[in-house]
Amino acid sequence: MALIAPSLLAADFANLQEACEMLNRSQADWYHLDVMDGVFVPNISFGLPVISAIKKHARKTLDVHLMIVQPERYIKDFKAAGADILTVHYEASTHLHRSLQAIKAEGMQAGVALNPHTPVHLLKDVLHDIDLVCMMSVNPGFGGQKFIENTYNKVRELKALISETGSATRIEIDGGVTSKNAAQLIEAGADVLVAGSFVFNAADPEKTISDLKAI
Ligand code: DX5
Ligand code: ZN
């Protein structure tokens, strides 16, 4: 059974407390929080003050996905805001190993996100230091995009690399996840499914989360 991490990017930002209460009641496992800087990705979402505000209401793990340049500059700040898992992009990290150690030194789990064009094998030598690989199944920057089918191949490849190296890394899929591709993703080796618009645009988000969880 996969963990479900709804992305608040698709929630009503004027009613975030309500969204938090819904997620607390629901079968969601984590909150997925997308931080965008308008530089690494062509969109700006929200940052530290919003995460601190969410932390006051959230009763579940905060999984923070940084789509920002120089993420290493903000590791302590995101810890202070309440992040439990902190994910940096491979493509934004010149000194990835150092960033991963710094995230762990703050007592958080360390994640690495991969853009759709970035090969999985590039993680081989740091896999033991990674708690979570956030595999982008859309180009990062926006919710509601179409799922990229090549993701299944990348998940299978990463799963094999994880077994080969004997690491405990979890695989998270981010972008365009719906009830239509969830089963195939889990079968390929996904451990965590992020879902934004599929959950928050549904007539009954809480039930949509239970339905995903039951797959
Ligand atoms: C995209 C974000 C995703 C996004 C997913 O840049 O990283 O987490 O919120 O949204 P959906 O599920 O709508 O594709
Ligand atoms: Zn994300």
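Look up: the structure comes first, before these words.
Notes on the structure follow. (Residues numbered from 1 in each chain as written. Chains lettered and ligands numbered in written order. Predicted model: local features only at pLDDT ≥ 70, side-chain atom pairs only at ≥ 80, totals over all residues. Heavy atoms only, no water.)

1. Things to note about the overall build of the protein chain
Applicable threshold: Numbering goes from the N terminus for both helices and strands, where a helix is a DSSP run of H or I of at least four residues and a strand is a run of E of at least two. What the globule rule says is 2.2 Å times the number of residues to the power 0.38, and the radius of gyration is computed from C-alpha atoms. For each residue, the accessible area found with a 1.4 Å probe, counting protein chains only, is set against the maximum for its type, and the residue is called buried under 20%, exposed over 50%, and partly exposed in between. By definition, residues are in contact when any of their heavy atoms lie within 4.5 Å. For every accessible area listed, the method is Shrake-Rupley and the probe measures 1.4 Å; residues are considered covered only by the protein chains on display.
Each helix and strand in the protein chain was counted, giving eight helices and eight strands. The C-alpha atoms of the protein chain give a radius of gyration of 16 Å, which matches the 17 Å a tight globule of 215 residues would have. With the C-alpha coordinates aligned to their principal axes, the bounding extent of the protein chain is approximately 45 × 35 × 30 Å. For the protein chain, the proportion of its 215 residues judged to be buried stands at 52%. Pairs at least 24 apart in sequence give 65% of the contacts found in the protein chain among residues at least 6 apart. Surface accessibility of the protein chain: about 9,500 Å² in total, with carbon and sulfur atoms responsible for 50%.

2. Describing the pairing of strand S6 (residues 132-136)
The criterion, for reference: Here a strand pair is declared whenever DSSP counts at least two bridges between the two strands. By convention a crossover is right-handed if, when the strands point away from the viewer, the path from the first strand over the helix to the second runs clockwise.
Where burial is concerned, most of S6 is hidden: five out of the five residues are buried. Side chains Leu132, Cys134 and Met136 of S6 all project onto a buried face; the interleaved residues Val133 and Met135 project onto the opposite face, where all are buried too. Bridge analysis of strand S5 (residues 109-114) against S6 gives four bridges, and the strand direction is parallel. Following the sheet pairing, Leu114 is matched in S6 by Met135. Where S6 meets strand S7 (residues 170-174), five bridges bridge the pair, whose relative direction is parallel. Among the inter-strand pairings, Leu132 is bridged to a residue of S7, identified as Arg170. As a crossover connection, the stretch from S6 through helix H5 (residues 151-165) into S7 is right-handed.

3. Examining the coordination of the zinc ion (ligand 2)
In plain terms, the rule: Each metal's donors comprise the N, O and S atoms found within 2.8 Å of it (within 3.2 Å for Na, K or Ca). Water is not part of the atom list, so some coordination spheres may appear incomplete.
At 2.0 to 2.3 Å from the zinc ion (ligand 2) lie its protein donor atoms, namely His32 (NE2), Asp34 (OD), His65 (ND1) and Asp174 (OD). We note that the donor set of the zinc ion (ligand 2) lies within a single chain, spaced as H-x1-D-x30-H-x108-D. In this pair, His32 is assigned in strand S2 (residues 30-36) and His65 in strand S3 (residues 61-67), connecting sequence segments 33 residues apart.

4. Here's the deal with the state of the cysteines
Using the following cut-off: Disulfides are defined in this document as cysteine sulfur pairs within 2.5 Å.
All chains considered together, the criterion is met by zero disulfides. Free cysteine Cys20: the closest other cysteine sulfur is in Cys134, separated by 20 Å. Looking at Cys134, the relative accessible area reads 1%, which means it is buried.

5. Some remarks on the site of ligand 1
Selection criterion: Consider each residue's heavy atoms; a residue with any of them within 4 Å of a molecule or strand counts as near. Contacts described as polar in this section are N or O atom pairs within 3.5 Å, which, within protein, must combine one atom able to donate a hydrogen with one able to accept it, while residues neighboring in sequence count only if both atoms come from side chains. Basically, the charged four are Asp, Glu, Lys and Arg, the nonpolar ten are Ala, Val, Leu, Ile, Met, Phe, Trp, Tyr, Cys and Pro, and anything else, Gly included, counts as polar.
Taken together, 20 residues form the shell around ligand 1, and within it Asp34, Gly141, Asp174, Gly196 and Ser197 come nearest. Between ligand 1 and His32 there is a distance of 3.3 Å, counted from an oxygen atom to a side-chain nitrogen or oxygen. In the environment of ligand 1, an oxygen atom lies 2.8 Å from a nitrogen or oxygen atom belonging to the backbone of Gly176. In isolation ligand 1 offers 380 Å² of accessible surface; the protein chains occlude 99% of this area. Ranked by residue count, the leading element in the shell around ligand 1 is S2, at three residues. Partitioned by chemical class, the residues of the shell around ligand 1 number eight nonpolar, ten polar and two charged.

6. Some thoughts on the environment of Asn43
Assignment of secondary structure puts Asn43 in the loop between S2 and helix H2 (48-55). Exposure remark for Asn43: the relative accessible area of 23% places this residue in the partly exposed category. Here the alpha-carbon distance between Asn43 and Phe142, two residues 99 residues apart in the chain, equals 7.2 Å. Sequence-distant contacts of Asn43, that is, excluding residues within four places in its chain, are made with Met36, Asp37, Gly38, Gly141 and Phe142.

7. Points about the side chain of Asp174
Rule in force here: Positive charges come from Lys and Arg, negative ones from Asp and Glu, while His and the chain ends are left out of the count. By convention in these notes, a salt bridge is any Lys or Arg side-chain nitrogen within 4 Å of a carboxyl oxygen on Asp or Glu.
Tracing the chain through its elements places Asp174 in strand S7. No salt bridge is formed by the buried Asp174; the nearest opposite charge belongs to Lys154, separated by 12 Å. A polar side-chain atom of Asp174 sits 3.1 Å from a polar atom in the side chain of His65.

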